[in-house]
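Architecture and fold: a report
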Amino acid sequence: MNYYQFLKNSIRHIRTTGTITRSSRTTCKMMIRNVDFGRGRYFVELGGGDGVMTRYILRAMHPDAKLMTFEINPDFVRALHKIDDPRLIVISDQAQKLPHYLKVHRFPHADAIISSLPLLVIPSDERTAIVQACRESLRPGGTFSQIHYSPTLKNFYGYIFGNVEMKFVLLNLPPAFIMYCQKNHEHV
Ligand SMILES: C[S@@+](CC[C@H](N)C(=O)[O-])C[C@H]1O[C@@H](n2cnc3c(N)ncnc32)[C@H](O)[C@@H]1O
(Lines give C-alpha, C1' and ligand atoms only; values in the text may rest on other atoms or scores of the structure.)
Protein backbone atom coordinates (compact mmCIF):
# COMPACT_ATOMS: atom_id res chain seq x y z
CA MET A 1 0.00 0.00 0.00
CA ASN A 2 1.48 3.37 -0.95
CA TYR A 3 1.52 6.56 1.13
CA TYR A 4 -1.63 8.05 -0.51
CA GLN A 5 -3.64 4.85 -0.22
CA PHE A 6 -2.74 4.70 3.49
CA LEU A 7 -3.69 8.37 3.91
CA LYS A 8 -7.06 7.91 2.16
CA ASN A 9 -7.84 4.77 4.12
CA SER A 10 -6.85 6.34 7.43
CA ILE A 11 -8.98 9.43 6.84
CA ARG A 12 -11.96 7.21 6.02
CA HIS A 13 -11.42 5.19 9.24
CA ILE A 14 -9.96 7.93 11.46
CA ARG A 15 -11.78 6.69 14.58
CA THR A 16 -10.04 3.33 14.45
CA THR A 17 -6.69 4.35 12.96
CA GLY A 18 -6.24 7.34 15.30
CA THR A 19 -3.83 9.01 12.84
CA ILE A 20 -3.55 9.70 9.11
CA THR A 21 0.04 8.70 8.46
CA ARG A 22 1.92 5.50 9.10
CA SER A 23 4.78 5.45 11.64
CA SER A 24 8.13 6.86 10.53
CA ARG A 25 11.30 4.80 10.27
CA THR A 26 12.58 6.43 13.47
CA THR A 27 9.38 5.54 15.31
CA CYS A 28 9.48 1.92 14.11
CA LYS A 29 13.06 1.59 15.36
CA MET A 30 12.22 3.31 18.65
CA MET A 31 9.20 1.07 19.25
CA ILE A 32 11.38 -2.05 19.34
CA ARG A 33 14.46 -0.66 21.06
CA ASN A 34 13.53 -2.30 24.40
CA VAL A 35 12.74 -5.73 22.91
CA ASP A 36 14.94 -8.74 23.66
CA PHE A 37 15.04 -10.34 20.20
CA GLY A 38 17.96 -12.60 21.16
CA ARG A 39 15.99 -14.56 23.72
CA GLY A 40 12.38 -13.95 22.62
CA ARG A 41 10.48 -16.28 20.28
CA TYR A 42 6.89 -15.08 20.71
CA PHE A 43 6.02 -11.56 19.64
CA VAL A 44 2.71 -9.73 19.32
CA GLU A 45 1.83 -6.57 17.42
CA LEU A 46 -1.48 -4.79 18.04
CA GLY A 47 -2.75 -2.59 15.20
CA GLY A 48 -0.45 -3.75 12.41
CA GLY A 49 -1.79 -1.23 9.86
CA ASP A 50 -0.32 -1.93 6.43
CA GLY A 51 2.74 -3.55 7.96
CA VAL A 52 5.30 -0.78 8.26
CA MET A 53 6.26 -1.73 11.84
CA THR A 54 5.55 -5.42 11.23
CA ARG A 55 8.44 -5.53 8.77
CA TYR A 56 10.85 -3.98 11.29
CA ILE A 57 9.84 -6.53 13.90
CA LEU A 58 10.23 -9.44 11.46
CA ARG A 59 13.65 -8.19 10.38
CA ALA A 60 14.88 -8.18 13.99
CA MET A 61 13.41 -11.58 14.92
CA HIS A 62 15.18 -14.92 15.27
CA PRO A 63 14.44 -17.35 12.36
CA ASP A 64 12.49 -19.60 14.77
CA ALA A 65 10.47 -16.81 16.33
CA LYS A 66 6.81 -16.02 15.56
CA LEU A 67 4.90 -12.75 15.29
CA MET A 68 1.14 -12.47 15.68
CA THR A 69 -0.26 -9.20 14.37
CA PHE A 70 -3.82 -7.97 15.00
CA GLU A 71 -5.64 -5.69 12.58
CA ILE A 72 -9.35 -4.92 12.05
CA ASN A 73 -9.25 -2.84 8.85
CA PRO A 74 -9.82 -5.25 5.89
CA ASP A 75 -7.63 -3.20 3.49
CA PHE A 76 -4.74 -3.29 5.96
CA VAL A 77 -5.32 -7.00 6.61
CA ARG A 78 -4.95 -7.60 2.86
CA ALA A 79 -1.67 -5.65 2.87
CA LEU A 80 -0.41 -7.67 5.86
CA HIS A 81 -1.21 -10.94 4.07
CA LYS A 82 1.10 -9.84 1.25
CA ILE A 83 4.11 -9.98 3.60
CA ASP A 84 5.76 -13.20 2.57
CA ASP A 85 7.16 -14.54 5.85
CA PRO A 86 6.11 -17.88 7.38
CA ARG A 87 6.82 -16.50 10.87
CA LEU A 88 3.96 -13.99 10.57
CA ILE A 89 0.43 -14.84 11.75
CA VAL A 90 -2.13 -12.21 10.69
CA ILE A 91 -5.17 -12.03 12.96
CA SER A 92 -8.07 -10.25 11.31
CA ASP A 93 -9.81 -9.55 14.59
CA GLN A 94 -9.92 -7.23 17.61
CA ALA A 95 -6.82 -6.96 19.78
CA GLN A 96 -9.26 -7.40 22.67
CA LYS A 97 -9.19 -11.14 21.85
CA LEU A 98 -5.44 -11.48 22.45
CA PRO A 99 -5.68 -14.18 25.21
CA HIS A 100 -7.93 -16.31 22.96
CA TYR A 101 -5.55 -16.19 19.97
CA LEU A 102 -2.47 -16.86 22.10
CA LYS A 103 -4.11 -20.17 23.03
CA VAL A 104 -5.23 -20.95 19.47
CA HIS A 105 -1.69 -20.45 18.12
CA ARG A 106 -0.02 -22.12 21.12
CA PHE A 107 1.94 -19.12 22.28
CA PRO A 108 2.95 -20.00 25.87
CA HIS A 109 3.32 -16.26 26.55
CA ALA A 110 4.36 -13.09 24.73
CA ASP A 111 7.99 -11.98 25.01
CA ALA A 112 7.07 -8.50 23.82
CA ILE A 113 3.93 -6.67 22.77
CA ILE A 114 4.25 -3.74 20.38
CA SER A 115 1.06 -1.72 20.14
CA SER A 116 -0.12 1.09 17.87
CA LEU A 117 -3.75 0.79 18.97
CA PRO A 118 -5.48 4.18 19.31
CA LEU A 119 -5.97 3.55 23.03
CA LEU A 120 -6.82 7.15 23.84
CA VAL A 121 -10.04 6.94 21.80
CA ILE A 122 -11.00 3.48 23.06
CA PRO A 123 -13.45 3.65 26.04
CA SER A 124 -11.52 3.59 29.31
CA ASP A 125 -12.89 0.28 30.68
CA GLU A 126 -12.07 -1.45 27.39
CA ARG A 127 -8.62 0.18 27.32
CA THR A 128 -7.91 -1.03 30.85
CA ALA A 129 -9.02 -4.57 29.91
CA ILE A 130 -6.73 -4.58 26.84
CA VAL A 131 -3.64 -3.36 28.69
CA GLN A 132 -4.31 -5.66 31.68
CA ALA A 133 -4.59 -8.59 29.24
CA CYS A 134 -1.29 -7.53 27.65
CA ARG A 135 0.40 -7.51 31.04
CA GLU A 136 -1.02 -10.92 31.92
CA SER A 137 0.09 -12.38 28.57
CA LEU A 138 3.70 -11.26 28.92
CA ARG A 139 6.36 -13.47 30.45
CA PRO A 140 8.07 -12.00 33.54
CA GLY A 141 10.55 -9.47 32.19
CA GLY A 142 8.59 -9.18 28.93
CA THR A 143 8.10 -5.72 27.45
CA PHE A 144 5.21 -3.60 26.24
CA SER A 145 5.63 -0.61 23.89
CA GLN A 146 2.79 1.71 22.98
CA ILE A 147 2.75 4.70 20.63
CA HIS A 148 0.68 7.81 21.41
CA TYR A 149 0.40 11.34 20.09
CA SER A 150 0.07 12.87 23.55
CA PRO A 151 1.53 12.02 26.96
CA THR A 152 -1.96 11.88 28.57
CA LEU A 153 -1.96 8.17 29.45
CA LYS A 154 1.54 7.93 30.92
CA ASN A 155 0.32 7.46 34.49
CA PHE A 156 -2.23 4.88 33.37
CA TYR A 157 0.60 2.59 32.16
CA GLY A 158 2.51 3.24 35.37
CA TYR A 159 -0.56 2.12 37.31
CA ILE A 160 -0.98 -1.13 35.32
CA PHE A 161 2.69 -2.13 35.04
CA GLY A 162 4.21 -0.43 38.08
CA ASN A 163 6.75 1.23 35.75
CA VAL A 164 6.76 3.33 32.60
CA GLU A 165 9.38 5.19 30.61
CA MET A 166 8.28 7.76 28.02
CA LYS A 167 10.28 8.91 24.98
CA PHE A 168 9.38 11.73 22.62
CA VAL A 169 9.87 11.14 18.87
CA LEU A 170 9.98 14.37 16.90
CA LEU A 171 10.63 12.62 13.58
CA ASN A 172 7.08 11.34 13.17
CA LEU A 173 3.94 12.92 11.71
CA PRO A 174 2.50 13.89 14.14
CA PRO A 175 5.36 13.79 16.68
CA ALA A 176 4.88 10.79 18.92
CA PHE A 177 5.29 9.64 22.50
CA ILE A 178 6.34 6.06 23.10
CA MET A 179 5.55 4.40 26.40
CA TYR A 180 7.80 1.53 27.46
CA CYS A 181 6.76 -0.84 30.26
CA GLN A 182 8.10 -4.11 31.60
CA LYS A 183 6.30 -6.87 33.43
CA ASN A 184 8.03 -7.33 36.74
CA HIS A 185 7.40 -9.92 39.42
CA GLU A 186 6.62 -7.61 42.30
CA HIS A 187 3.81 -5.54 40.79
CA VAL A 188 0.32 -7.08 41.15
C1 LIG B 1 -2.16 4.30 14.25
S2 LIG B 1 -2.53 2.93 13.17
C3 LIG B 1 -0.93 2.16 13.21
C4 LIG B 1 -0.56 1.39 12.01
C5 LIG B 1 0.90 0.94 11.96
N6 LIG B 1 1.24 0.01 13.02
C7 LIG B 1 1.83 2.12 12.02
O8 LIG B 1 2.53 2.26 13.04
O9 LIG B 1 1.88 2.92 11.07
C10 LIG B 1 -3.50 1.93 14.31
C11 LIG B 1 -4.02 0.64 13.71
O12 LIG B 1 -4.76 -0.06 14.72
C13 LIG B 1 -5.88 -0.71 14.11
N14 LIG B 1 -6.86 -0.97 15.17
C15 LIG B 1 -7.66 -0.07 15.80
N16 LIG B 1 -8.40 -0.67 16.75
C17 LIG B 1 -8.03 -2.00 16.73
C18 LIG B 1 -8.43 -3.14 17.49
N19 LIG B 1 -9.36 -3.04 18.45
N20 LIG B 1 -7.86 -4.33 17.23
C21 LIG B 1 -6.92 -4.44 16.23
N22 LIG B 1 -6.51 -3.39 15.47
C23 LIG B 1 -7.06 -2.19 15.72
C24 LIG B 1 -6.34 0.31 13.06
O25 LIG B 1 -7.12 -0.27 12.05
C26 LIG B 1 -5.01 0.86 12.55
O27 LIG B 1 -4.53 0.14 11.45
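Keep in mind that what you see is a predicted model, and the values were worked out from it rather than measured.

The strand order across the open sheet formed by seven strands is 3-2-1-4-5-7-6, and the pairing between neighbours is mixed. Each edge of the open sheet carries a strand with a single partner, namely strand 3 (88-91) and strand 6 (165-169). Across the sheet, the mean angle separating the axes of adjacent strands is 15° when strand polarity is ignored. Pairing between strand 1 (residues 42-46) and strand 4 (residues 110-115): four bridges, direction parallel. Pairing of Val44 across the sheet is with Ile113, part of strand 4. The strands touched by helix 4 (residues 52-60) are strand 1, strand 2 (66-70), strand 3 and strand 4; relative to strand 2, the strand with the most contacts, the crossing angle is about 170°.

The grouping of Tyr3, Tyr4 and Leu173 at the surface amounts to a nonpolar patch, some 370 Å² of accessible area in total. Among the structural elements, Tyr3 can be located in helix 1 (residues 3-12). Exposure remark for Tyr3: the relative accessible area of 38% places this residue in the partly exposed category.

What follows deals with the pattern of salt bridges. Enumeration according to the criterion identifies seven salt bridges in this entry. A salt bridge links Asp75 to Arg78; its shortest N-O distance comes to 2.5 Å. Placement of the pair is Asp75 and Arg78 together in helix 5 (residues 74-81), with a separation of three residues, close to one helical turn. The exposure class of Asp75 is partly exposed, given its relative accessible area of 23%. One salt bridge in this structure joins Arg139 and Asp111, with 2.6 Å as the shortest N-O distance. Within this pair, whereas Arg139 is found in strand 5 (residues 138-148), its partner Asp111 is found in strand 4, the two being separated by 28 residues in sequence. For Arg139, a relative accessible area of 10% translates into the label buried. Among the charged side chains, a network of salt bridges with common partners joins Arg33, Glu165 and Lys167.

Rules of the game
Residues numbered from 1 in each chain as written. Predicted model: local features only at pLDDT ≥ 70, side-chain atom pairs only at ≥ 80, totals over all residues. Heavy atoms only, no water. Pairing = 2+ DSSP bridges. Helix = DSSP H or I, 4+ residues; strand = E, 2+ residues; numbered from the N terminus. Axes fitted to C-alpha atoms, helices over the stretch in contact; angles between N-to-C directions. Contact = heavy atoms within 4.5 Å. Patch = residues over 30% accessible without salt bridge, like charges linked within 9 Å, V, L, I, M, F, W, Y side chains within 5 Å. Areas by Shrake-Rupley, 256 points an atom, 1.4 Å probe, with all protein chains shown as cover. Salt bridge = Lys/Arg side-chain N within 4 Å of Asp/Glu carboxyl O. Buried < 20%, exposed > 50% of the residue type's maximum accessible area, 1.4 Å probe, protein only.

Just distances and angles here, no functional claims.
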